[in-house]
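# A look at the structure
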Amino acid sequence: MKKVVNVSVGGRSFSLDEDAYARLLTYFDHFKARLDRDTQSAKEEVMADLENRIAELFDQGTGGASYRVVNLALVTKVVEQLGMLADRLSVNIELPSEASLRALAPNKTKAAVLRPMRFIADRGQENRRELVKYRHAPRFAPAGQATQMIVGATGESDRHILTLTQSLYDTYHLKRVFYSAYVPVVENTLLPSLDTKPPLLREHRLYQADWLLRFYGFRAGELLDESQPDFDPLLDPKCCWALRHPDFFPVEVNRADYEALLRVPGIGVVSAKRILVARRGGALRAEDLKKLGVVLKRAQYFLTCSGRSTAPLRLSLEGVRRNLTATERVSLPAGPLDQLSLFEPA
């Protein structure tokens, strides 16, 4: 027989079986994590409103009978109903590996994170099927689900983080993975020292790579491998991929398909679509590309127009790397990157 736990929700007493209690506790923990940046009074107000609503739904589910035990099925149903009120749901994975969770957040397990993710993914698919049959059916979390992980608190490589990201997108159909550079605030032997700068440039490279996964058709295994487990801080991930795959280039702008154009540094989703439309009216020239939004400072080394290179000079791969690095350096801060603070004087 399952153990029963007596808890107070919204000022009312309820009896929950141990599975239901664990599920409710996980939901509260994830919800509170989303309020970390709010003031204490704002947190208390939001949590009080949430608990009152949950208490009302528990009352409805048990028929108001105090002797009835709230089970896992009812808690799951309540969480689903609350999902109908939210645009997006987020279950924060926090750290990139189970070992890191055990070391730094022993109260949080991999299963406790993935279980609600699976529930949200499955319920979202069910809801999409319902909307096909009934156009006016209520929408469950229409903006999908997201997660967040901290970068730099533990020793995982960029390859490990990006592979995990790819798996989350594939398995749980996440809309977005957010990365947060670790900011040291406490001294602990398991954490970087207090004088460690937040890895903001690394966070930036992960966001660039994440964009390539979601919109450009890249896979994590293409961008990083065992020989290169971390991103180059001097070059964006797409340029790095292009330099490692010279056999793919040059791409003929007047014949390449959409997927091939997206692989070219300096060509984005919008400019690739513009090229496909523009070349229906005739062959494109190098001077036409800038008007279509192509960033020629990057793209010129990887394209041909009607068989002619768009670069003014033929360069070795090392020469192309040097030029791309110089182009990238202009867009990066000259000094070290610092995390902005709301508490330090300007």
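What comes next is a walk through the structure. (Residues numbered from 1 in each chain as written. Predicted model: local features only at pLDDT ≥ 70, side-chain atom pairs only at ≥ 80, totals over all residues. Heavy atoms only, no water.)

### Description of the sheet that holds strand E9 (residues 308-309)
- Here three strands make up an open sheet; going across it, the order is E7-E8-E9 and the pairing mixed. In the strand order of this sheet, the two ends are held by strand E7 (251-252) and E9, each with one partner.
- Summarising the sheet, E7 and strand E8 (residues 303-305) pair through two bridges and their orientation is parallel. Within the sheet, the bridge partner assigned to Val251 lies in E8 and is Leu303. (Pairing = 2+ DSSP bridges. Helix = DSSP H or I, 4+ residues; strand = E, 2+ residues; numbered from the N terminus.)

### Here's the deal with a positive patch on the surface
- A cluster of basic residues, Arg88, Arg128, Arg129, Lys133 and Lys175, forms a positive patch on the protein surface.
- Summarising the element assignment, Arg129 is placed in helix H5 (residues 110-133).
- Given a relative accessible area of 52%, Arg129 falls into the exposed group. (Patch = residues over 30% accessible without salt bridge, like charges linked within 9 Å, V, L, I, M, F, W, Y side chains within 5 Å. Areas by Shrake-Rupley, 256 points an atom, 1.4 Å probe, with all protein chains shown as cover. Salt bridge = Lys/Arg side-chain N within 4 Å of Asp/Glu carboxyl O. Lys, Arg positive; Asp, Glu negative; His and termini not counted. Charge placed at Lys NZ, Arg CZ, Asp CG, Glu CD. Buried < 20%, exposed > 50% of the residue type's maximum accessible area, 1.4 Å probe, protein only.)

### Regarding the pattern of salt bridges
- A full pass over the atoms with the stated rule returns 17 salt bridges.
- Ionic pairing is found between Arg12 and Asp59, a salt bridge with its closest N-O pair at 2.5 Å. Here Arg12 is found in strand E2 (residues 12-17), whereas its partner Asp59 is found in helix H2 (residues 40-62), with 47 residues between them in sequence.
- Since its relative accessible area comes to 25%, Asp59 is described here as partly exposed.
- Across the pair Arg321 and Asp232 runs a salt bridge, and its minimum N-O distance is 3.6 Å. Here the residue Arg321 occupies a position in helix H14 (residues 317-331), and Asp232 occupies one in the loop between helix H8 (220-223) and helix H9 (237-244), the gap between them amounting to 89 residues.
- For Asp232, a relative accessible area of 18% gives the class buried.

### Some details on H5
- With 24 residues, H5 extends 35 Å between its outermost C-alpha atoms, agreeing within 8% with the 34 Å of an ideal straight helix rising 1.5 Å per residue.
- Buried positions along H5 lie against helix H1 (18-33), helix H3 (72-83), strand E4 (89-90), strand E5 (145-151) and helix H6 (158-172). (Expected span 1.5 Å × (residues − 1). Contact = heavy atoms within 4.5 Å.)

### Some words on the packing of H1 against H2
- Axis separation between H1 and H2 bottoms out at 12 Å; the angle between their running directions is 155°. Judged on the interaxial angle alone, H2 and H1 are roughly antiparallel. The two elements H1 and H2 meet at a crossing, and its hand is right-handed. When H1 is examined against H2, the residues Leu24, Tyr27, Phe28, Phe31 and Lys32 are found in contact with a partner set consisting of Val46, Met47, Leu50, Glu51, Ile54 and Phe58.
- By residue class, the composition of the contact of H1 with H2 is nine nonpolar, no polar and two charged. (Axes fitted to C-alpha atoms, helices over the stretch in contact; angles between N-to-C directions. Parallel < 35°, antiparallel > 145°, perpendicular 65-115°, else oblique. Left-handed = near helix turned anticlockwise from the far one by under 90°. Nonpolar A, V, L, I, M, F, W, Y, C, P; charged D, E, K, R; others polar.)

### Brief notes about the nonpolar core
- Within the largest apolar cluster, 81 residues are counted, with the highest numbers of intra-cluster contacts made by Ile54, Phe58, Leu168 and Leu223.
- Setting aside residues no more than four positions away along its own chain, Leu168 makes contact with Ile93, Leu114, Met117, Thr147, Met149, His173 and Leu174.
- Leu101, Ala153, Tyr182 and Leu191 belong to the second largest nonpolar core, which has five residues in total. (Core = buried A, V, L, I, M, F, W, Y, C linked by side-chain atoms within 4.5 Å.)

### Focus on the sheet that holds E2
- Spatial ordering of the open sheet is given by E1-E2-E3, a layout of three strands whose pairing is mixed. The open sheet is flanked by strand E1 (4-9) and strand E3 (69-70), the only strands paired with a single partner.
- The pairing of E1 with E2 spans six bridges and is antiparallel. Its bridge partner being in E2, Asn6 is matched across the sheet by Ser15.

### Describing the environment of Arg88
- Relative to the helices and strands, Arg88 resides in the loop between H3 and E4.
- Once the C-alpha coordinates of Arg88 and Pro142 are considered, the two residues, 54 residues apart in sequence, prove to be 6.5 Å apart.
- Excluding its chain neighbours within four sequence positions, the residues that come into contact with Arg88 are Ala143, Gly144, Gln145, Ala146, Lys175, Arg176 and Phe178.

### Observations regarding the side chain of Ser97
- Inspection of the secondary structure puts Ser97 in the loop between E4 and helix H4 (98-104).
- Judged by relative accessible area, which is 16%, Ser97 ranks as buried.
- When neighbours within four sequence positions are excluded, Ser97 is seen to be in contact with Glu156 and His160.

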